[in-house]
Amino acid sequence: MLPLIERAVALRAAPVFASVPPSALLPVAELTTEARIEEGETLFREGDAGDAMYVVTRGRLRVMRGGQVVARVGPGECIGELGALDRAPRSATVIAEEAALLLRLERDDLLDLCLDSPELVRAMIAVLADRLLKVAP
């Protein structure tokens, strides 16, 4: 298991948490759990309930929508944040291209953090907007 300080550093690398003051990241890191998936394993499927977001600390993941690869994510990137914020089903399937270690943040914890941190909300909006612009026709 990653020590707390390493989890905080991994969170800091993700754009969503980059504007959160370092002193505020330790409590966030305490809320995370580790998720390990092996090459070829599915993290979640399109249509699954969105119950958490993830920050990739090691490995690479392939994001697929309708059977098509729409993105690849690696260390320092987050995945599943839209599903964690919205009760709608997951919009994509995520599969490990190589063994990966992720930090999982449960939906309720993320929503509580958003209430306490306008900086986090702004960062999440920016990340989501950027992601939407990349997939827009």
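Rules used throughout
- Residues numbered from 1 in each chain as written.
- Predicted model: local features only at pLDDT ≥ 70, side-chain atom pairs only at ≥ 80, totals over all residues.
- Heavy atoms only, no water.
- Buried < 20%, exposed > 50% of the residue type's maximum accessible area, 1.4 Å probe, protein only.
- Helix = DSSP H or I, 4+ residues; strand = E, 2+ residues; numbered from the N terminus.
- Arc of directions from axis to C-beta.
- Contact = heavy atoms within 4.5 Å.
- Pairing = 2+ DSSP bridges.
- Polar contact = N/O pair within 3.5 Å; in protein donor to acceptor, adjacent residues only side chain to side chain.
- Phe/Tyr/Trp six-rings, centres within 6.5 Å; stacked < 30°, edge-to-face > 60°.
- Lys NZ or Arg CZ within 6 Å of the ring centre and 35° of its normal.

Considering helix 4 (residues 107-116)
Listed as buried for helix 4 are R107, L110, L113 and C114. All buried residues of helix 4 lie within an arc of 125 degrees about the axis, which places them on one face of the element. Set apart from the buried face of helix 4 by more than 90 degrees, the exposed residues are D108, L115 and D116.

Details of helix 2 (residues 22-31)
For helix 2, the full list of buried residues reads L25, V28 and A29. The buried residues of helix 2 occupy an angular sector of 100 degrees when the element is viewed end-on, so they sit on one face. Counted as exposed and oriented over 90 degrees from the buried face of helix 2: S23 and E30. Residues of helix 2 that are buried sit in contact with helix 1 (4-13) and helix 4.

Some thoughts on the pairing of strand 4 (residues 61-65)
With 5 bridges joining them, strand 4 and strand 5 (residues 68-73) adopt antiparallel strand pairing. Considered in strand 5, the bridge of R65 is made with Q68.

Considering the side chain of R7
Looking at the element boundaries, R7 is found in helix 1. In terms of polar contacts, R7 uses its side chain to reach the backbone carbonyl oxygen of T32, at 3.1 Å. When sequence neighbours within four positions are dropped, the list of residues in contact with R7 reads M1, L2, A29, E30, T32 and L103.

Quick look at the packing of aromatic side chains
In the structure shown here, the tally under the stated rule is 1 aromatic pair. The ring of F44 is capped by R90, whose NZ or CZ atom sits 3.9 Å from the centre of that ring.

Re the environment of M53
Along the chain, M53 turns up in strand 3 (residues 52-58). Relative accessible area serves as the criterion here: at 0%, M53 is assigned to the buried category. Spatially, the C-alpha atom of M53 lies 7.4 Å from that of G83, the residues being 30 residues apart in sequence. Setting aside chain neighbours within four positions, we find M53 in contact with F17, C78, I79, G80, E81, A84, L103, R104, L105, L110 and M124.

Remember that the coordinates give geometry; whether it matters functionally is a separate question.
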